[in-house]
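Examination of the molecular architecture
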Amino acid sequence: IGNGVVIDPWALLEEIAEIKKKGVDVNENNLIISDTATLILPFHKEMDEIREDSAKDKIGTTRRGIGPAYEDKIGRRSIRVMDLRSKTNLEQRLAVILEHHNAIRKGLKKKIYKSDELIEELLKIAPKILKYSQPVWKKISEYQKLNKKILFEGAQGILLDVDHGTYPYVTSSNTVAGTASVGTGCGPKTLDYILGITKAYTTR
């Protein structure tokens, strides 16, 4: 899972548990999460819902907090996977992000979000997430040197790309093929073949 992805850690752990129940082994050797990937937190989901419910011209968000999480990433205030390694660092990062979010929540007459309970929840799941965490770009580089085949997969289509799609009815990141390089930390020359799929009737 590359650095360009925003991750809901609780949803991810649920997915891992579900897959394991079906007999698929998930371990540190076959699942790697970038240490610089951004986390989707509960208040991101709440903000997603608040905006969508109050908007006259609705975007059609999934209400999973993806957009608000990307906003915090670009605003340089997000919590990343690596921040789970230190309680002190996590407290400092949460103070920064909540200063921003609580100002907006106050303006919308919503309840102020407190960090204490969230820090406990994050520290509780931290070991479960961190055991999969390492620099993804480094692992890809190792595979390149071993001349292994590397397959990049990205969700969404070009019309949902924040720059090239049907703006503003788009997702909150770039989804074109070239983003595979930026979203994983490998060089653009890593991509030597791109498979594109289109529908006969083009929708979003």
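Before any of the text, the structure's been laid out above.
To keep things clear, this report deals only with the structure shown in the data block. (Residues numbered from 1 in each chain as written. Predicted model: local features only at pLDDT ≥ 70, side-chain atom pairs only at ≥ 80, totals over all residues. Heavy atoms only, no water.)

Some words on the pattern of salt bridges
Tallied over the entire structure, the rule returns five salt bridges. Here arginine 105 and glutamate 46 are joined by a salt bridge, their closest N and O atoms 2.7 Å apart. Here glutamate 46 lies in helix H2 (residues 42-54) and arginine 105 lies in helix H4 (residues 87-107), a separation of 59 residues in the sequence. Across the pair glutamate 142 and lysine 139 runs a salt bridge, and its minimum N-O distance is 3.3 Å. You can see glutamate 142 and its partner lysine 139 sitting in helix H6 (residues 136-145), three residues apart, about one turn around the helix. (Salt bridge = Lys/Arg side-chain N within 4 Å of Asp/Glu carboxyl O. Helix = DSSP H or I, 4+ residues; strand = E, 2+ residues; numbered from the N terminus.)

A closer look at a nonpolar patch on the surface
Taken together, the side chains of Tyr193, Leu195 and Ile197 define a hydrophobic patch exposed on the protein surface, amounting to about 450 Å² of accessible area. Accessibility expressed as a relative area gives 79% for isoleucine 197, which makes it exposed. (Patch = residues over 30% accessible without salt bridge, like charges linked within 9 Å, V, L, I, M, F, W, Y side chains within 5 Å. Areas by Shrake-Rupley, 256 points an atom, 1.4 Å probe, with all protein chains shown as cover. Buried < 20%, exposed > 50% of the residue type's maximum accessible area, 1.4 Å probe, protein only.)

A few points about the environment of alanine 126
Relative to the elements of secondary structure, alanine 126 occurs in helix H5 (residues 115-130). In this structure alanine 126 comes out as buried when scored by relative accessible area, which is 4%. In this structure the C-alpha to C-alpha distance between alanine 126 and proline 9, which are 117 residues apart in sequence, comes to 8.9 Å.

Focus: unusual backbone geometry
Proline 168 follows tyrosine 167 through a cis peptide bond whose omega is 10 degrees. Phi is positive for arginine 76, which is not a glycine, with a value near 60 degrees. When you line up the elements, arginine 76 lands in the loop between helix H3 (66-74) and H4. The exposure class assigned to arginine 76 is exposed, which follows from its relative accessible area of 71%.

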